[in-house]
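Summary of structural features
One-letter residues, chain by chain:
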Amino acid sequence: MQNTQQIPEASKFEPTNYACKESSYKEIFNALQSLRKHEVFCDIILKTDDNQIIFAHKVILASASPYFYAMFTKFAERNHDIVVMKQFDSTALKLLVNFIYSGEIIVTEKNFQVLLTAANHLQLQKVKEACCDFLQSQICPTNCIGINAIADLHSCTKLVTSSELYIRKHFLEVVGGDEFLSLSSDQVVKLISNDELIVPSEEKVFESVIRWVRHELDSRKYILPQLMEHVRLSLISKNYILKKVAEEPLIKSCLESKDYIIEALHFHLLKSDELIPQNIRNTPRLGDKVILVVGGDTYEDGNTVWYDPKMNRWHILHETIPCRNGCGVAVVNDYLVFAMGGFDDDLSTFRSVDLLDLSLESPCWKPSVDMLTDRSSFGVGVINNCVYAIGGSNGKLQHLETAEVFDCNTQKWKMIPSMSTYRVDFGIGVLNNRLYVVGGDTLSGQPSNTVECYNPILETWTPVEKLHVPRRNAGVGVLKGILYAVGGSCGYLSLSSVEAYRPGIGWFNIAVMHFPRRNPGVVALDGLLYAIGGYNQVTALDSIECYCPETKIWTIVTESINVKLVTGGGAVVINRPRHFKTC
């Protein structure tokens with residue numbers, strides 16, 4: 001009797017999902033490619049205008065390209081053995097058919113344009129994306145306008161957006177190139193009228209307009225008024241307007257453009273924002289940087305103030321915050337502002353942290369994660385989205401040598417190695433991704449001339465060359481690779497002297513300020529170093545001055561800011577948020 005094996009009932013089998021490995025698909029691609037090259041089962045010949053022929057299979061082409069699918073199912077070509085591909089570059093077509101059979105293509109500087117044109121026509125989205133990725137990787141100030149034009153021609157939306165952003169971010173380099181001169185008047189207007197144009201000064205916009213008009217003077221001089229309408233002359237200094245703009249020959253011969261000069265000069269004469277009619281020519285661009293000041297006597301009303309360097313005006317930000325004298329202030333990503341620690345009217349210190357998110361439509365101060373230690377009169381620095389809180393004093397008015405760091409990604413504080421000595425009322429700056437603590441008070445109560453540096457990678461503190469003058473309450477800022485120790489005090493004397501430090505060279509003296517300043521806020525912005533407020537001996541200052549490394553002089557920016565600013569480390573530079581209004 002034959003032995004038979006009983007098959008289990010079907011319901012007892014569990015379904016198994018099987019997926020081919022990538023290597024299996026590669027074998028299929030290779031087999032299809034081999035069939036095409038040997039003209040096996042081929043049922044279509046593609047012929048280009050230069051009589052190049054390409055063998056293929058209709059079903060393969062139709063499965064990959066909506067263009068071929070429509071051709072072989074809805075039009076007369078479905079019954080043809082030969083199809084003439086008019087206006088197709090033969091090299092591009094060969095590469096694209098090869099891509100359909102292999103899934104691979106190489107985009108180069110020589111073939112990207114014909115490939116993009118043909119891929120767009122055949123609706124081969126992957127190749128189109130590959131061409132766009134190639135162009136994105138090659139973008140630079142000398143070709144970004146051309147890349148934007150190519151992207152627009154072929155409806156490459158993502159590349160259009162990214163290239164426009166690149167042009168706005170690199171405006172200064174772009175307008176110095178030849179591509180800028182080839183733009184149409186409408187394109188120039190679109191560029192210079194953009195609120196998010198990144199430009200160090202509005203003077204550069206004016207100069208770019210004059211350069212563009214002069215390139216084809218006979219035909220473009222009539223367009224000058226249309227362009228000048230979008231140059232924000234009111235944001236240019238009165239001196240530049242009178243010496244450069246008004247004296248420009250093209251402006252002198254253009255009556256309408258003169259009207260814009262009169263408007264800008266009138267703007268500079270007005271004292272109250274309420275009297276200024278709002279228009280594009282006196283509206284700062286959103287990409288501009290402004291100075292935010294948190295701390296000191298601004299806390300009488302719980303307000304924060306901000307300074308617009310292009311408008312030379314101070315404004316009150318009406319988002320209130322609890323009293324924080326002697327607090328530490330830091331900004332992350334140009335819009336997240338941290339106010340940390342400090343002391344209240346009873347001289348009690350605290351570890352709480354408040355956060356102001358300026359990217360929100362209606363920002364307000366909100367509690368954040370508390371520090372691990374009570375601190376006031378301490379140093380704050382930011383490296384790679386990490387906020388460092390260094391030294392200071394605690395609730396017992398004891399000097400601290402400890403340090404901690406807040407990781408914005410994990411939202412946690414942790415202790416890091418302590419400084420070599422106790423410090424309070426010192427300055428702090430970030431140079432080459434290292435923290436520098438400068439001067440301050442030591443345990444003896446005397447101002448210190450010592451400096452030490454923290455390396456966050458090695459987690460070590462190392463001594464740095466000493467200051468020429470001991471300084472407590474000095475403002476510290478970094479500009480173009482140089483660390484500056486600004487003002488401060490030595491004993492009971494407030495200082496107007498300034499020292500600068502360059503790694504490998506050491507400390508050296510620079511020009512003195514107009515006023516002695518103890519506890520000034522110091523920030524770098526648009527190539528200048530600003531010293532804000534502070535104490536002149538015992539009197540709180542309401543002035544601001546800036547240092548230009550090129551001219552090596554300090555200049556009074558504004559005589560009065562209508563509020564006493566004892567800022568310490570409470571001045572930071574931020575991107576102008578949309579809700580920061582000037583009028």
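In this report, we go over the structure that sits alongside the text. (Residues numbered from 1 in each chain as written. Predicted model: local features only at pLDDT ≥ 70, side-chain atom pairs only at ≥ 80, totals over all residues. Heavy atoms only, no water.)

Another aspect to go through is the overall build of the chain. The helix and strand tally for the chain stands at 17 helices and 31 strands. The 583 residues of the chain split such that 49% are buried. Accessible surface computed for the chain: about 29300 Å², of which carbon and sulfur atoms make up 53%. (Helix = DSSP H or I, 4+ residues; strand = E, 2+ residues; numbered from the N terminus. Buried < 20%, exposed > 50% of the residue type's maximum accessible area, 1.4 Å probe, protein only. Areas by Shrake-Rupley, 256 points an atom, 1.4 Å probe, with all protein chains shown as cover.)

Looking now at the sheet that holds strand E8 (residues 336-340). Read across the open sheet, the 4 strands follow the order E7-E8-E9-E10; overall the sheet is antiparallel. Strands at the two margins of the open sheet, each flanked by one partner only, are strand E7 (328-332) and strand E10 (365-367). Taken over all neighbouring pairs, the strand axes of this sheet differ in orientation by 25° on average, direction set aside. Where strand E9 (residues 353-357) lies against E10, 3 bridges are found, and the strand directions are antiparallel. Counterpart to Asp354 in the pairing with E10 is Pro367. (Pairing = 2+ DSSP bridges. Axes fitted to C-alpha atoms, helices over the stretch in contact; angles between N-to-C directions.)

Another aspect to go through is the pattern of salt bridges. Considering all chains together, one arrives at 16 salt bridges under this definition. With its nearest N and O atoms 3.2 Å apart, the salt bridge here joins Glu499 to Arg471. Pair noted here: Glu499 is in strand E23 (residues 498-502) and Arg471 is in the loop between strand E18 (460-464) and strand E19 (475-479), with a separation of 28 residues, a long-range link. Residue Glu499 shares its accessibility class with Arg471, and that shared class is buried. (Salt bridge = Lys/Arg side-chain N within 4 Å of Asp/Glu carboxyl O.)

Moving on: helix H8 (residues 157-169). For H8, with 13 residues, the first-to-last C-alpha span of 18 Å sits near the 18 Å given by 1.5 Å per residue. The complete set of buried residues in H8 reads Leu159, Val160, Ser163, Tyr166, Ile167 and Arg168. (Expected span 1.5 Å × (residues − 1).)

Over its 14 residues, helix H12 (residues 202-215) runs 21 Å from end to end, which matches the ideal 20 Å to within 8%, given 1.5 Å per residue. Listed in full, the buried residues belonging to H12 are Glu202, Glu203, Val205, Phe206, Ser208, Val209, Ile210, Trp212 and Val213.

Glancing now at the nonpolar core. Grouped together as the largest cluster of nonpolar side chains are 78 residues, with contacts concentrated most on Leu46, Leu61, Met85, Phe180, Phe206, Leu224 and Leu233. When residues in this core are grouped by element, the largest group, 7 residues, is from helix H4 (residues 90-102). Leave out the neighbours within four places in its chain, and Met85 touches Leu46, Lys47, Thr48, Asp49, Tyr67, Phe68, Met71, Leu93 and Leu122. Within the second largest apolar cluster, 15 residues are counted, among which are Leu292, Leu317, Ala339 and Ile574. (Core = buried A, V, L, I, M, F, W, Y, C linked by side-chain atoms within 4.5 Å. Contact = heavy atoms within 4.5 Å.)

For residues that are not glycine, phi is negative in most cases, and the peptide bond is trans in most cases. Even without glycine at this site, Glu39 takes up a positive phi of about 60°. A positive phi angle is found at Asn519, which is not glycine, with a value near 70°.

What follows deals with the packing of H4 against helix H5 (residues 112-122). Where H4 contacts H5, the two axes come as close as 9 Å, and the packing angle between them is 60°. In terms of orientation, H4 and H5 fall into the oblique class. In this structure, H4 meets H5 at a crossing whose hand is right-handed. Between H4 and H5, the residues in contact are Ala92, Leu93, Leu95 and Leu96 and Val114, Leu115, Ala118, Ala119 and Leu122, respectively. Taken together, the residues of the contact of H4 with H5 break down into 9 nonpolar, no polar and no charged. (Parallel < 35°, antiparallel > 145°, perpendicular 65-115°, else oblique. Left-handed = near helix turned anticlockwise from the far one by under 90°. Nonpolar A, V, L, I, M, F, W, Y, C, P; charged D, E, K, R; others polar.)

Before going further, it helps to examine the packing of aromatic side chains. Evaluation of the coordinates by the stated rule reveals 14 aromatic pairs. Judged by centre distance (6.3 Å) and plane angle (55°), the rings of Tyr67 and Phe88 are tilted. One end of the pair, Tyr67, is in helix H3 (residues 66-74); the other, Phe88, is in the loop between strand E3 (82-85) and H4, and 21 residues separate them in sequence. Among the residues examined, Phe88 registers a relative accessible area of 9% and is labelled buried. (Phe/Tyr/Trp six-rings, centres within 6.5 Å; stacked < 30°, edge-to-face > 60°.)

Along any regular strand, the residues point their side chains to alternate faces of the sheet. The element strand E5 (residues 304-308) is largely enclosed, with a buried count of 5 among its 5 residues. With burial as the criterion, each face of E5 is covered, one bearing Thr304, Trp306 and Asp308 and the other bearing Val305 and Tyr307. Bridge analysis of E5 against strand E6 (residues 313-317) gives 5 bridges, and the strand direction is antiparallel. Paired with Trp306 across the two strands is His315, which belongs to E6.

Spatially, 4 strands are ordered E11-E12-E13-E14 in an open sheet, and the strand pairing comes out antiparallel. The open sheet terminates on both sides in strands that have one partner only, identified here as strand E11 (379-383) and strand E14 (412-416). On average, adjacent strands in this sheet sit at an angle of 25° to one another, irrespective of strand direction.

For Tyr67, a relative accessible area of 23% translates into the label partly exposed. Spatially, the C-alpha atom of Tyr67 lies 8.7 Å from that of Leu124, the residues being 57 residues apart in sequence. Those residues in contact with Tyr67, other than ones at most four positions away along the chain, are Met85, Phe88, His121, Leu122 and Gln123.

Mapped onto the elements of the fold, Ser185 is located in helix H11 (residues 185-192). Residue contacts for Ser185: discarding those within four places in its chain leaves Trp212, Ile223 and Leu227.

Our next topic: the packing of helix H7 (residues 144-153) against H8. It is the contact of H7 with H8, at a shortest axis distance of 9 Å, that shows an interaxial angle of 160°. Here H7 lies roughly antiparallel to H8, going by the angle between them. Regarding H7 and H8, the two cross each other, and that crossing is left-handed. In this structure, H7 contributes Cys144, Ile145, Ile147, Asn148, Ala151 and Asp152 to the contact, and H8 contributes Leu159, Val160, Ser163, Glu164, Tyr166 and Ile167. Broken down by class, the residue content of the contact of H7 with H8 amounts to 8 nonpolar, 2 polar and 2 charged.

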